[in-house]
Amino acid sequence: MKYISFVFSFLILFLSVDSIDALPRFAVKLGDRCIDCHYNPSGGIIRSENGWHWGKNVLSMVSTPDKDFIMSPRISDNIHIGLDFRSQYLYSQEKKRTDFQNMSGSIYSNFALSKEINVIAKYDFVNRIWEGYGVAHILPNKSYIKAGAFVPNYGLRMDDHTAYTRGGDFGLLFSQGTYRGLIYNPFYTEAGVELGFYADKFLYASASIGSNNVSPARPLSKDPTFTSRIELTHKFSSVALLLGGFYSSAKVPDKVDMFGGFTGFSFDEFSLLAEYDIAENLLLADTKTSVMMIEASYGIITGLDAVIRYDRIDPNINLSSDESSRFVIGFEFQPYSFIEIRPQYRLQIENPSVDNDSFVMQFHFWY
């Protein structure tokens, strides 16, 4: 019955509007790189002026006219600020109760020391997590060196950290215990150095080495974390393609090796993203875990998108019937500049079937 319900809901979603759209990854849809909209070359945290103006004037259904209300992310010629605050309403079918949750609340700043050197800082006052690093674009073709405390550049960095390829849902139960997903979730940072290389608009590669900041009292590590990633992009006419791979070896505190690949496709307002990972020793020693994410999206009108995502995690690929998967069906609505609302229905797929679906309404305010 769950599968029938899902198919029916999916058909209603696509037949009830003239043209469907759901929020794709902006880089895939526009054929851009993360650095085109963010000071951080690997994406996320504070937006550059290009990203800020695009979000203010293009992304939302209604934008604030500059002549009526002057806005700017600058507090001086070389200092920019930003913020993200996310909260959500949750109804759990399994627990038959509701809850309101603060997800994150981050303040950002960027200090431009020159045209090539930026110092970026983030503090999440909800989760008490911080990042701070310098980025120097002093290598050929605007390639860079990054040093400080940051999240390694691994996989598709989805902004929904409940995706299994990010951190997953807290309290996700399997027969062996409680698991979250891959280790590079929003609660992970490390101190280290990252090198990034650009080849025109079609290739971006990065590699970093460091030690995790999960335990401030950790002993000196003889096996530092290593992460590498390569991304190929190409856009012609209204079609954009994305292809990449990644590898990581981390101690958290035991050694975990992760590798995988991702791909993306965009045509007009439609986009498709997918990522597949294999992680060794992630959940249990001497076991391999597979994680997968597929997201399709298509735009309805400016500021309103529909999205469907499939998440799957297999804690031990050598065992059967221990997998967990779900569909996330919803909308991403930007009614006004810097305001986003995400209603989602999360359909858990299990055998045998149990009533543990959930409804989530996320609220996102940013600047």
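Everything numeric in this text was worked out from a predicted model, so none of it was measured. (Residues numbered from 1 in each chain as written. Predicted model: local features only at pLDDT ≥ 70, side-chain atom pairs only at ≥ 80, totals over all residues. Heavy atoms only, no water.)

Draft legend 1. Representation of the overall build of the protein in the model. Helix and strand counts for the protein come out as 3 helices and 19 strands. Going through the 367 residues of the protein one by one, you find that 48% of them count as buried. Put simply, 51% of the contacts in the protein that link residues at least 6 apart link residues at least 24 apart. (Helix = DSSP H or I, 4+ residues; strand = E, 2+ residues; numbered from the N terminus. Buried < 20%, exposed > 50% of the residue type's maximum accessible area, 1.4 Å probe, protein only. Contact = heavy atoms within 4.5 Å.)

Draft legend 2. Representation of the pattern of salt bridges within the structure. Across all of its chains, the model carries 12 salt bridges by this definition. Residues Lys 146 and Glu 194 are paired through a salt bridge, measuring 3.6 Å at the closest nitrogen-oxygen approach. With Lys 146 in strand β6 (residues 144–150) and Glu 194 in strand β9 (residues 190–199), this pair connects stretches of sequence that are 48 residues apart. Across the pair, exposure class does not vary: Lys 146 and Glu 194 are buried alike. Each of Glu 49, Arg 74 and Asp 77 takes part in a single network of salt bridges with overlapping partners. (Salt bridge = Lys/Arg side-chain N within 4 Å of Asp/Glu carboxyl O.)

Draft legend 3. Examining the confidence of the model for the protein more closely. Per-residue confidence for the protein gives a mean pLDDT of 83; residues scoring 70 or more make up 85%. pLDDT under 50 marks residues 1–24. Its contacts with residues more than four places away, or in other chains, come to 53 contacts. The low-confidence segment residues 170–179, where pLDDT is below 50, has 23 contacts with residues more than four positions distant or belonging to other chains. (pLDDT = per-residue confidence, 0-100.)

Draft legend 4. Up close: the nonpolar core. Counting residues in each nonpolar core, the largest one holds 22 residues, and the members touching the most others are Leu 156, Leu 182, Tyr 184, Met 258 and Leu 282. Apart from residues no more than four positions distant in its own chain, Met 258 is found in contact with Tyr 154, Leu 182, Ile 183, Tyr 184, Phe 246, Tyr 247, Ser 248, Ile 278 and Ala 279. Residues Ile 46, Ile 120, Tyr 133 and Phe 150 belong to the second largest nonpolar core, which totals 11 residues. (Core = buried A, V, L, I, M, F, W, Y, C linked by side-chain atoms within 4.5 Å.)

Draft legend 5. The arrangement of the environment of Asp 357 in detail. Mapped onto the fold, Asp 357 is located in the loop between β18 (339–349) and β19 (358–366). Measuring from C-alpha to C-alpha, the distance between Asp 357 and Leu 347 comes to 5.0 Å, with 10 residues separating the pair along the chain. Side chain to side chain, Asp 357 and Tyr 345 meet in a polar contact 2.9 Å long. (Polar contact = N/O pair within 3.5 Å; in protein donor to acceptor, adjacent residues only side chain to side chain.)

Draft legend 6. Local environment of a nonpolar patch on the surface. Residues Phe 111, Leu 113, Ile 117, Val 119, Ile 138, Leu 139, Val 193, Leu 195, Ile 209, Phe 226, Tyr 247 and Phe 259 make up a contiguous nonpolar surface patch of about 990 Å² in total accessible area. At the level of elements, β4 (117–124) and β9 are the ones that each hand at least two residues to the nonpolar patch. Tracing the chain through its elements places Val 193 in strand β9. (Patch = residues over 30% accessible without salt bridge, like charges linked within 9 Å, V, L, I, M, F, W, Y side chains within 5 Å. Areas by Shrake-Rupley, 256 points an atom, 1.4 Å probe, with all protein chains shown as cover.)

Draft legend 7. Representation of the environment of Tyr 367 in the model. Here Tyr 367 lies in the segment after β19. With 29 residues separating them along the chain, Tyr 367 and Phe 338 place their C-alpha atoms 5.9 Å apart. Of the polar contacts made by the side chain of Tyr 367, one reaches the backbone oxygen of Ser 72; its length is 2.9 Å.

Draft legend 8. Focus on the pairing of strand β10 (residues 203–212). Bridge count between β9 and β10: 10 bridges; the pairing is antiparallel. Bridge assignment links Val 193 to a residue of β10, and that residue is Ile 209. Hairpin connection from β9 to β10: 3 residues lie between these consecutive antiparallel strands, with Asp 200 at a positive phi of about 55°. Alignment of β10 against strand β11 (residues 225–236), held across 8 bridges, turns out to be antiparallel. Bridging from a neighbouring strand, Ala 207 pairs with Ser 228 of β11. (Pairing = 2+ DSSP bridges.)

Draft legend 9. A look at helix α3 (residues 49–59). Among the residues of α3, those classed as buried are Gly 51, Trp 52, Gly 55, Lys 56 and Leu 59. Projection of α3 onto a plane perpendicular to its axis shows the buried side chains occupying an angular sector of 130°, all on one side. (Arc of directions from axis to C-beta.)

Draft legend 10. Representation of the side chain of Arg 86 in the model. Within the element layout of this structure, Arg 86 appears in strand β2 (residues 79–92). Setting aside residues no more than four positions away along its own chain, Arg 86 makes contact with Asn 102, Met 103, Ser 104, Asp 159, Glu 340, Arg 342, Phe 363 and His 364.

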